[in-house]
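# Structural description and commentary
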Amino acid sequence: MPQGSSHRIVLVVDENSNPFEMSCAIEVFGLPRPELGRKLYDFRLCAAEPHTRMRDGFFTLTGVAGLEAAEEADTLIVPNRPDTEVPRAEHVLDVVRRAHARGARLVGFCSGAFTIAEAGLLDGRRAACHWMWEQYFRTRFPEVRLEPDVLFVDDGDILTASGSASALDLALHVVRRDHGAEIANHVSRRLVFGPHRDGGQRQFVERPLPPVPDESLGPLLAWAQERLGEPLTVADLAARAAVSPATLHRRFRAQLGTTPLAWLTGERVALACRLIERGEERLDVVAARSGLGTAANLRARLRRETGLSPSDYRRRFGPEPAPPPGSPSSGSVPSGSVPSGSVPSGPVMIPPGRGTVPA
């Protein structure tokens, strides 16, 4: 797990790369976080040429490191370009292959899955790409286990996002995986972006102009997030919204790309993670306050979401033990924690249903 800024993330920019995904990576991984007392990562850009023409010639990128910087990456974000039919330069693919061979984590935003597949590293692996390129991708790379209609895929040391907007979802997922839910929630607040969209949610979210303004799910979601510890059911949500469960299900699918039950469970798991990070050690208390019911259900849900047991999650992201009385304290912010008062405890509400766009 990255400690402080010791984990180096390097983004490779190639000819005709998308500036949006580059900016997403800079915003999430590259900015200092003075309110946390530390940087989350050591982030760098690099390119094969000293002058790199970005997508459609909007601008030319200069002043970044050469490809040699990628040799030091712990996480390498591969190039993504809209011209998926044009082969990637072999020297760029070699950088990707070497990074994977030495154990670096690979991340591909939008068409970045094409780069990783061209490097020969996705055969037999799970991956996501934009819905617009699904059939073309399958034709070119039949051995890849493409998962259509999802936001992103976390396949361990290779992570891929489907579209431009889902680059932010995947980037926040990486922060959550590395630093815990509390830190990821803080970063999402700085972005004024939803703190958690599960990778399994649909890419394409229907957003017709609503005939009735109050069909937005925003008020219902805010009401439910304040009552996660209560025995809420889908029927309760439907009753609150004054619609049938079937209608509520359709609205969740249309506006959020998920089901009411999946959304409710995800919010409860996220709350359980925050409670553990804030120092609550009693699993029955965490389960009750988050609405997961029992410690056994908490263990199962947390492992499914994070790959960690509650005790492992606490060791990785929980507060560090207080120093013995009288011992000197550095006053630094412990890994996985946030200074008191810097992050509000309640949820961030944003308009639901943000979709993805082609790269």
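This write-up is about the structure you can find in this document. Keep in mind that what you see is a predicted model, and the values were worked out from it rather than measured. (Residues numbered from 1 in each chain as written. Predicted model: local features only at pLDDT ≥ 70, side-chain atom pairs only at ≥ 80, totals over all residues. Heavy atoms only, no water.)

### Concerning the overall build of the chain
For the chain, the count of helices and strands is 13 helices and ten strands. Each of the 359 residues in the chain was classed as buried or not, and the buried ones make up 52%. Contacts spanning at least 24 positions in sequence make up 68% of the contacts within the chain whose residues lie at least 6 apart. Of the roughly 15,900 Å² of accessible surface on the chain, a fraction of 54% belongs to carbon and sulfur atoms. (Helix = DSSP H or I, 4+ residues; strand = E, 2+ residues; numbered from the N terminus. Buried < 20%, exposed > 50% of the residue type's maximum accessible area, 1.4 Å probe, protein only. Contact = heavy atoms within 4.5 Å. Areas by Shrake-Rupley, 256 points an atom, 1.4 Å probe, with all protein chains shown as cover.)

### What to know about unusual backbone geometry
Although it is not a glycine, Asn-16 sits at a positive phi angle of roughly 70°. Checked against the element boundaries, Asn-16 lands in the loop between strand 1 (8–13) and helix 1 (19–30). According to the relative accessible area criterion, Asn-16 is buried, its value standing at 14%. Not every positive phi belongs to a glycine, and Cys-110 is a case in point at roughly 55°. Checked against the element boundaries, Cys-110 lands in the loop between strand 6 (105–109) and helix 3 (112–118). You can call Cys-110 buried: its relative accessible area is 0%.

### Some points on empty space enclosed by the protein
Under the definition given, this model contains one cavity of 30 Å³ or more. Considered as a void within the structure, the largest cavity measures approximately 60 Å³ in volume. Along the wall of the largest cavity there are 13 residues; nearest its centre are Leu-11, Val-12, Asn-18, Met-22 and Asn-80. Looking at the lining of the largest cavity, the elements with two or more residues in it are strand 1 and helix 1. With three residues, strand 1 is the largest single contributor of residues to the lining of the largest cavity. For the lining of the largest cavity, the per-class residue count stands at nine nonpolar, three polar and one charged. (1 Å grid on protein atoms, 1.4 Å probe; cavity = no way out; pocket = protein on both sides within 12 Å on 5 of 7 lines; lining within 4 Å. Points joined across faces, edges and corners; volume = space filled by probe spheres on them. Nonpolar A, V, L, I, M, F, W, Y, C, P; charged D, E, K, R; others polar.)

### Some words on the sheet that holds strand 10 (residues 158–161)
Read from one edge of the open sheet, six strands run 2-1-5-6-10-9, paired in mixed fashion. Sheet topology places strand 2 (42–47) and strand 9 (152–154) at the edges, where each strand pairs with a single neighbour. The average undirected angle you get between the axes of adjacent strands in this sheet is 15°. Pairing of strand 9 with strand 10 involves three bridges; the strand directions are antiparallel. When the sheet's bridge partners are listed, Asp-154 is paired in strand 10 with Leu-159. (Pairing = 2+ DSSP bridges. Axes fitted to C-alpha atoms, helices over the stretch in contact; angles between N-to-C directions.)

### Brief notes about the packing of helix 11 (residues 283–290) against helix 12 (residues 295–306)
At a minimum axis separation of 8 Å, helix 11 and helix 12 run at an interaxial angle of 80°. As judged from the angle between their axes, helix 11 and helix 12 are roughly perpendicular. Along the contact surface, helix 11 presents Leu-283, Val-286 and Ala-287, while helix 12 presents Ala-295, Leu-298 and Arg-299. By residue class, the composition of the contact of helix 11 with helix 12 is five nonpolar, no polar and one charged. (Parallel < 35°, antiparallel > 145°, perpendicular 65-115°, else oblique.)

### Here's the deal with the environment of Ala-295
Checked against the element boundaries, Ala-295 lands in helix 12. Residues Ala-295 and Val-285 lie ten residues apart in sequence; the distance between their C-alpha atoms is 8.4 Å. Apart from the residues lying within four places of it in its own chain, the contact partners of Ala-295 are Leu-283 and Ala-287.

### Thoughts on helix 9 (residues 245–255)
Listed in full, the buried residues belonging to helix 9 are Thr-247, Leu-248, Arg-251, Phe-252, Ala-254 and Gln-255. Mapping the buried residues of helix 9 onto a view down its axis gives an arc of 165°, with all of them on the same face. On its buried face, helix 9 is in contact with helix 7 (218–225), helix 8 (234–241) and helix 10 (260–277). Where helix 9 ends, the next residue or the one after it, Gly-257, has phi of about 75°, a positive value. (Arc of directions from axis to C-beta.)

### Side note on the pattern of salt bridges
Under the criterion given, the structure shown has 22 salt bridges. Across the pair Arg-81 and Asp-14 runs a salt bridge, and its minimum N-O distance is 3.1 Å. Residue Arg-81 is found in the loop between strand 5 (75–77) and helix 2 (90–101), and its partner Asp-14 is found in the loop between strand 1 and helix 1; the two are separated by 67 residues along the sequence. One salt bridge connects Arg-55 with Asp-56, and the closest N-O pair in it is separated by 3.5 Å. Among the charged side chains, a network of salt bridges with common partners joins Arg-125, Arg-126, Glu-147, Asp-155 and Asp-157. (Salt bridge = Lys/Arg side-chain N within 4 Å of Asp/Glu carboxyl O.)

### Some details on the pairing of strand 6
Counted residue by residue, strand 6 has five buried out of five residues, so it is predominantly covered. Of the two faces of strand 6, both are covered, the one formed by Arg-105, Val-107 and Phe-109 as well as the one formed by Leu-106 and Gly-108. Note that strand 5 and strand 6 share three bridges and pair parallel. Looking at the pairing, Ile-77 lines up with Val-107 of strand 6. Once you follow strand 5 into helix 2 and on to strand 6, the crossover reads as right-handed. Note that strand 6 and strand 10 share four bridges and pair parallel. Residue Gly-108 lies in a different strand from strand 10, and its bridge partner there is Thr-160. (Right-handed = clockwise from strand over helix to strand, strands pointing away.)

The values are spatial; any link to function lies outside them.
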